[in-house]
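Structural description and commentary
If you want the building blocks of each chain, they are given just below.
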Amino acid sequence: MNKKDRNIYIENMNVDEAKKLYLEKLQIRNLYEEINILESLGRITYEAVFAKNSSPHYNAAAMDGIAVNSENTIGATEVSPKILIENSDFKYINTGNPIEAPFDSVIMIEDVIELEKGKIQILSSAYPWQHVRPIGEDIVATEMIIPSKHKIRPIDLGALIAGGMKSVKVYKKPKVGILPTGSEIVDEIGIEEVGRIPDSNSKVFEGLVNEYGGTSNRYLPVDDTYEELKQAILKGIDENDILLINAGSSAGSKDYTVSLIRELGEVFVHGVALKPGKPTILGAINNKPVIGIPGYPVSSFFVFETFVKPIIYSYVGLNEEKDEIVEATISRRVVSSLKSRELLRVNLGLVKDKLIATPLSGGAGVTMSLVKADGIVEIPQNVEGVEAGEKVQVKLLKSVNNIKDTLVSIGSHDLVMDIMSDMMHLSSGHVGSMGGLLSIKREECHIAPIHLLDMETGEYNISYVKKYFPGKKMALIKGLQRLQGFIVEKGNPKSIIDFKDLLRNDIIFINRQRGAGTRILLDYNLKKLGINLQDIKGYNREMTTHMAVAMGVKTGSATTGLGIYSAAKALDLDFIEVGYEDYDFLIHYENFHSEKVQEFISILTSDEFKRRVESLGGYKFLNTGSVRIID
């Protein structure tokens, strides 16, 4: 490809306008197929389905008992019972058996007194069609069973069979080709070779296509060569109704997708005002939809949901369902670009009858931000962001009942919170100890994990609670003592011993964010030694979790960082001890007896929790679960 052919210019079309334009250009034609009724579960009806048969199609007994002619039972009472003779006055019958002349009624077996063989006694008369299901009681032939554009459920299947349907017309499923691209993408799972990335996006697409009513057809990854990609696209168009091309939609030197779609067909849109997801391509080849989807996992998911899902729905005769939206209060300020509609992933929890949305950190490549998210906040284009405490609309990704049952934790990060969230409904926001303290002050969480060192006294947590909650009754649940220290490469090749080593020219530090207890511990020790913070290379590079610090050391982007032992152990790194600290949990005292907090304390003090935490390494249990009241 010549330099002049490289795709540099990308539009920034409004998302709704792009979707409307694309659907109008595609002019999707709906096709149907007639399939065996036994294969119709989950399919969408192309037309209304009318019963061929009545159900039941004969008069049927509704109870176990005896069939009688009601006229012959008139006058039967407890005072003047009637005796009936088998085969002439009655016959025994089971539920579902046909009722034929001269019989027109059923008496339940419980109301029958058996005498000698062939004789019974009744104590009350029967009325015509008593306990009889007449022809068509459930379904009358020619009446509509289910309408068009209806997703066939198990109960519908039963009605269709009862109505005599052997086959049904349904919308034909579109076959969706999924073409992953990129020389670095491999189909192998579990690969850790540098420069090679396992193909996870296309597996997600495969699941979504099947879930939304299409038939997926996933191809092996294609290298970033113009001719190879061209042949793969032509094959994908020939074999499918829709083609998804993953990656190669941006403006890199090997991003050929848009040029090839334009060469082979037409590009309607390249670039939408969606963050993440801007470099989306909406085009067509041979009148078939072709969508170029960005390679980052979060971008790819949102683009699929925004543009591919409605196309599949159009093929199968469905309208986009309305999202379940709830109003929540955002827990911290979020800055957004004016140029794009931004989709913010959040955790949700109910705190004092107020739904709190806690933003999850992570860019377009952070898959876990979607895995952990309870909902999505849409920040409109031309809006700079949202302020802490502002009301926002949240599209739910999880059940609102589960969200209401969730204990909301905002504060310091620790691996033990992952264990806790596996043992109870808990959402954990990592904003550092000071962030947690302020969140609980604003009543935006139930519990705040904190480890705040008083630089004057060397005591943990107590002075901060007294300072920020004067006159307020608070409860501090004793948590764990955890080991802090320097996370270093295996073998400690730089021979790091203590804080003074951070001043060396060959040491690159990686820090925690402002307000994190670990950051305060660092500053406390640097102050004692009279070390200028700005003399440390990397002091201003901030991470929000201990694992992120450990990964920085593991990958070589930093020489060391201050963090917890369990993070170093998890990534097989070495560790230079600084000392143990108190990792506790702050709550409003009025919430202490709540069911969720009591469940938290019960798990915190359980043998199972202790066993799982001890396997991480670097923790001590000292008065864990005890409570100190501070007022």
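Each value, and the rule that gives it
- Residues numbered from 1 in each chain as written.
- Predicted model: local features only at pLDDT ≥ 70, side-chain atom pairs only at ≥ 80, totals over all residues.
- Heavy atoms only, no water.
- UniProt positions renumbered as here; feature names shortened; annotations may be inferred.
- Helix = DSSP H or I, 4+ residues; strand = E, 2+ residues; numbered from the N terminus.
- Rg over C-alpha atoms; globule rule 2.2 N^0.38 Å.
- Buried < 20%, exposed > 50% of the residue type's maximum accessible area, 1.4 Å probe, protein only.
- Areas by Shrake-Rupley, 256 points an atom, 1.4 Å probe, with all protein chains shown as cover.
- Lys, Arg positive; Asp, Glu negative; His and termini not counted.
- Charge placed at Lys NZ, Arg CZ, Asp CG, Glu CD.
- Pairing = 2+ DSSP bridges.
- Axes fitted to C-alpha atoms, helices over the stretch in contact; angles between N-to-C directions.
- Core = buried A, V, L, I, M, F, W, Y, C linked by side-chain atoms within 4.5 Å.
- Contact = heavy atoms within 4.5 Å.
- 1 Å grid on protein atoms, 1.4 Å probe; cavity = no way out; pocket = protein on both sides within 12 Å on 5 of 7 lines; lining within 4 Å.
- Points joined across faces, edges and corners; volume = space filled by probe spheres on them.
- Nonpolar A, V, L, I, M, F, W, Y, C, P; charged D, E, K, R; others polar.
- Domains from an automatic or database assignment.

With an unreviewed UniProt entry as reference, the chain is termed Molybdopterin molybdenumtransferase, source organism Gottschalkia acidurici. Turning to the chain, the UniProt annotation filed under Pathway (unreviewed entry) states: "Cofactor biosynthesis; molybdopterin biosynthesis." Quoted verbatim from the Cofactor (unreviewed entry) heading of the UniProt record, the comment on the chain is "Mg(2+)".

Here the focus is the overall build of the chain. Helix and strand content of the chain: 16 helices and 38 strands. In summary, the chain has a C-alpha radius of gyration of 34 Å against a globular reference of 25 Å for 631 residues, an excess of more than 25%. Counting across all 631 residues of the chain, residues that qualify as buried make up 50%. A total accessible area of about 29800 Å² is found for the chain, and carbon and sulfur atoms account for 49% of it. Side chains of the chain give 73 positive and 84 negative charges; the mean places of these two sets differ by 6 Å.

Right, let's get into the sheet that holds strand S4 (residues 65-68). A sheet is described by the order of its strands in space; here 3 strands give the open sequence S6-S4-S7, paired in antiparallel fashion. For this open sheet the edge positions go to strand S6 (90-93) and strand S7 (105-108), each flanked by a neighbour on one side alone. Averaged over all adjacent pairs, the angle separating strand axes in this sheet is 35 degrees, with direction ignored.

The next subject is the nonpolar core. A general tendency of soluble globular proteins is for nonpolar side chains to be buried together. Counting 38 residues, the largest nonpolar core has Leu-437, Ile-450, Phe-486, Leu-502, Leu-522 and Leu-586 as its most contacted members. Contributions of two or more residues to this core are made by strand S29 (407-411), helix H10 (432-441), strand S31 (448-450), helix H11 (462-468), strand S32 (474-488), helix H12 (517-528) and strand S36 (574-588). Once residues within four sequence positions are removed from consideration, Leu-437 is found in contact with Ala-448, Ile-450, Leu-452, Tyr-464, Tyr-468, Phe-469 and Leu-586. In terms of nonpolar packing, the next biggest core, distinct from the first, is built from 37 residues, Met-420, Leu-480, Ala-567 and Phe-575 among them.

Volume-wise, the largest pocket comes out at about 740 Å³. Every residue lining the largest pocket is counted, 28 residues in all, and those nearest its centre are Glu-305, Lys-309, Glu-320, Asp-323 and Lys-395. No other element matches the 6 residues that helix H6 (residues 297-316) contributes to the lining of the largest pocket. Each residue belonging to the lining of the largest pocket can be placed in one class, and the counts come to 13 nonpolar, 2 polar and 13 charged. Summarising the domain contributions, the lining of the largest pocket has at least three residues from each of domain 1 (15-28 + 182-316) and domain 4 (323-401).

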